[in-house]
Amino acid sequence: MDRVSSFDEPLKKLLGGATAKVMAEHLDLHTVGDLLHHYPRRYEERGKLTALADLPLDEHVTVLAQVADARILMFNNGRGKRLEVTLTDGSGRLQLVFFGHGVHKPHKELLPGRQAMFAGKVSVFNRKMQLAHPTYQLLDASDADEATEAVDAFAGRLLPIYPACKQLDSWRIAKAVDAVLPSAQDAVDPLPASLREGRGFTPLPEALLKVHRPQTKADVEDAKARLKWDEAFVLQVALARRRYADTQLPAVARRPVADGLLDAFDAKLPFTLTEGQEKVSKEIFDDLATEHPMHRLLQGEVGSGKTMVALRAMLTVVDAGGQAAMLAPTEVLAQQHHRSITEMMGELAEGGMLGGSDRGTKVVLLTGSMGMAARRQALLDLVTGEAGIVIGTHALIEDKVQFHDLGLVVVDEQHRFGVEQRDALRSKGKQPPHLLVMTATPIPRTVAMTVFGDLETSVLDQLPAGRSPIASHVVPAKDKPHFLARAWERVREEVENGHQAYVVCPRIGDDAEEADGKKGKAKKKAADEDPEKRPPLAVLEIADELRKGALAGLTVEVLHGRMHPDEKDDVMRRLAAGDVDVLVATTVIEVGVNVPNATAMVIMDADRFGVSQLHQLRGRVGRGSAPGLCLLVSEAHEASPARARLSAVAATLDGFELSRIDLEQRREGDVLGQAQSGVRSSLRMLTVIDDEEVIAAAREEAVAIVAADPELKHLPELRTVLAALLDKDREEYLDKG
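First, a word on what this report is: a plain description of the structure on this page.

## Here's the deal with the sheet that holds strand β11 (residues 362-366)
Here's step 1: If you walk across this open sheet you meet the seven strands as β11-β12-β10-β13-β14-β9-β15, and the pairing is parallel. Sheet topology places β11 and β15 (456-460) at the edges, where each strand pairs with a single neighbour. Here the strands of the sheet are splayed against their neighbours by 20° on average, with no regard to which way each runs.
Here's step 2: In the sheet, strand β9 (residues 295-300) pairs with β15 via five bridges, with the strands oriented parallel.

Following this line, the structure appears as structure tokens:
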């Protein structure tokens, strides 16, 4: 069998169909290699074999003893069961205790006279030493050799505990690992020998043996250090090759032009750019001036002026004879961007029109729900080059859309776009256009290096002058209902002071499912019995309650994803014009909605949102000169993790700090998200939050290796491992640019 194929061997050949089927369906393990990379989550310690007379307190021990007595006792008025077993080994006695569902198996097996080994941690109860829920292995008392062997195998070991599922518990996975462990010898080592030796790493086959069957804790540490490095390094090589390939692509250099659109725009700005905006703009202009496509991630706090930076980049490209496209995730946001950009540009956005500037250009909007005539005109403006700037949703990507000369693509809120969509837009240029990706979700450095590792990063961390701080408070609606009443009074006060407010709910409401009587009743019953199970609060219901109750007399409107685009646009226009006092909405307002007069936000069922999402939502208020207020309403219990999360959000306005908390609480599975599934399935040992040093060091090594040998001609093992990592799905994941 050659060195690669034993890892590719299907599990059903070695383990039998039934076990292999469960592993495939429930644990996503299909081959020998998959199972060898299914690492233990932790290790149980078994102490050395100890006589009952010498048991040390609070330590892990293994004892070889005989069952003297076993009996089931009832407690809690017969609702609870406890199995008590007394052991003896000639030197002393020891009590074992098993509770609940755990009593059935030992009750059948631990009969008086049976000999077995027991492992657990020694504690004291009622002045007697005991082991609670020990693991045990029955022995055949008649076979002395077997007993000696079993004791050697059982005692003093670190017992691996595997991530398991209901259908397959940890010890059965351990047995399956035993069956495939000999194949660890065939592991293809991705690390170049010089790197492996230079950093003193354990060889890969040895690391796999040590992680699954460690003799000591040092074995585990050794193995983990090696396996983490492999994951970080292989991924960083993939990203470094991506970046290298991108630098080889041709692009049209778009250099600033004196006295063009950009200069005219800057001249009419009513404020000066922040230092951060100047610095980031320079990084972008330098990239645009090269003959290879820019690939830059612009991350900035909510309201740090990313749109302004992106617009100046777009104007530079228009000055240089190209066109710029801005891709937004929703129609509401595309319309909002179109409105704010045309307002910022004034007569410069009316090129070729009456009253327009002779240096101006046309700024067009293109969304899926536009009328035919407007759509046809927009398409015509793009193909002739009349429109220098287009803002749209993924309708921009359709086959019919053709550009005269697409020079720059700006993607707003990266994580909402699929890879194929970015690629399709990229292919609209005669040569690959420059790419600027904007996100208002602050990304910890490690995630940026891992998930967006093929993009250069710029960070805007200053807020423009004149922005007001936002006060945030948790409102415990269940424990203190009068706090919620006060929250609505605060909203009313803000409106009476000439301001506006948002109320955000997790759900729209009025679902078809709720209209189905039976289901509705069942849900209500479940919710009455357990408030945790009630459906999240809904926009339509809350708006209705507020109009009739706490906010009667105010203009309360709704905004959600199921509304017709014209209706949405109408509500947004009226909100911007100040004709709406309170907007009750879903998270469609999370990104980009800009109403400087809105000062208060109440987030209902706030515990049902993630940390970063709450931070995004909060960024919609306090955008003018008046201070902002954000109230996080929750029925979660005071001691719950959900409440801890809300308190963290209320305690700081620093998005990077919150993104770190978010990552620690959710682990990277959710943070990397579905779009990055390739990374997730390749990270088993590495945790993006804890291993920043490993990732940074691996990135450095990867960059040096790729610069010296882009095709990895001299590193066939690394090429083999990369090919396995970058199957089709993962290749697409990496294809962000």
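## Overview of the packing of aromatic side chains
Here's step 1: Enumeration over the complete set of coordinates arrives at five aromatic pairs.
Here's step 2: Consider the rings of Phe75 and Phe99, whose centres lie 6.3 Å apart with planes at 90°: the pair is edge-to-face. Here Phe99 lies in strand β4 (residues 93-99) and Phe75 lies in strand β2 (residues 60-75), a separation of 24 residues in the sequence.
Here's step 3: Given a relative accessible area of 32%, Phe75 falls into the partly exposed group.
Here's step 4: Residue class for Phe99 comes out partly exposed when judged on its relative accessible area of 36%.

## Structural notes on the pattern of salt bridges
Here's step 1: Following the criterion strictly, the structure yields 32 salt bridges and no others.
Here's step 2: Among the salt bridges present, the one from Arg196 reaches Asp189, with a minimum N-O distance of 3.2 Å.
Here's step 3: A relative accessible area of 12% places Asp189 in the buried class.
Here's step 4: A salt bridge links Arg573 to Asp569, with the shortest nitrogen-to-oxygen separation between them at 3.3 Å. One end of the pair is Arg573 and the other is Asp569, both in helix α22 (residues 565-577) and four residues apart, which spans about a single turn.
Here's step 5: Classification of Asp569 by relative accessible area gives buried; the value is 13%.
Here's step 6: Overlapping salt bridges, with partners in common, bring together Arg486, Glu489, Arg490, Glu493 and Glu494 in one network.

## What to know about the sheet that holds strand β21 (residues 628-634)
Picture the strands of a sheet paired through backbone hydrogen bonds; they go either parallel or antiparallel.
Here's step 1: Strand order in the open sheet made by the six strands is β16-β21-β20-β17-β19-β18, with parallel pairing throughout. Only two strands of the sheet have a single partner each, and these edge strands are β16 (470-476) and β18 (556-559). Strand after strand, the sheet turns through a mean of 20° between neighbouring axes, direction not considered.
Here's step 2: Across four bridges, the pairing between strand β17 (residues 500-504) and strand β19 (residues 582-585) is parallel. Residue Ala501 lies in a different strand from β19, and its bridge partner there is Val582.

Rules and cut-offs
Residues numbered from 1 in each chain as written. Predicted model: local features only at pLDDT ≥ 70, side-chain atom pairs only at ≥ 80, totals over all residues. Heavy atoms only, no water. Pairing = 2+ DSSP bridges. Helix = DSSP H or I, 4+ residues; strand = E, 2+ residues; numbered from the N terminus. Axes fitted to C-alpha atoms, helices over the stretch in contact; angles between N-to-C directions. Phe/Tyr/Trp six-rings, centres within 6.5 Å; stacked < 30°, edge-to-face > 60°. Buried < 20%, exposed > 50% of the residue type's maximum accessible area, 1.4 Å probe, protein only. Salt bridge = Lys/Arg side-chain N within 4 Å of Asp/Glu carboxyl O.

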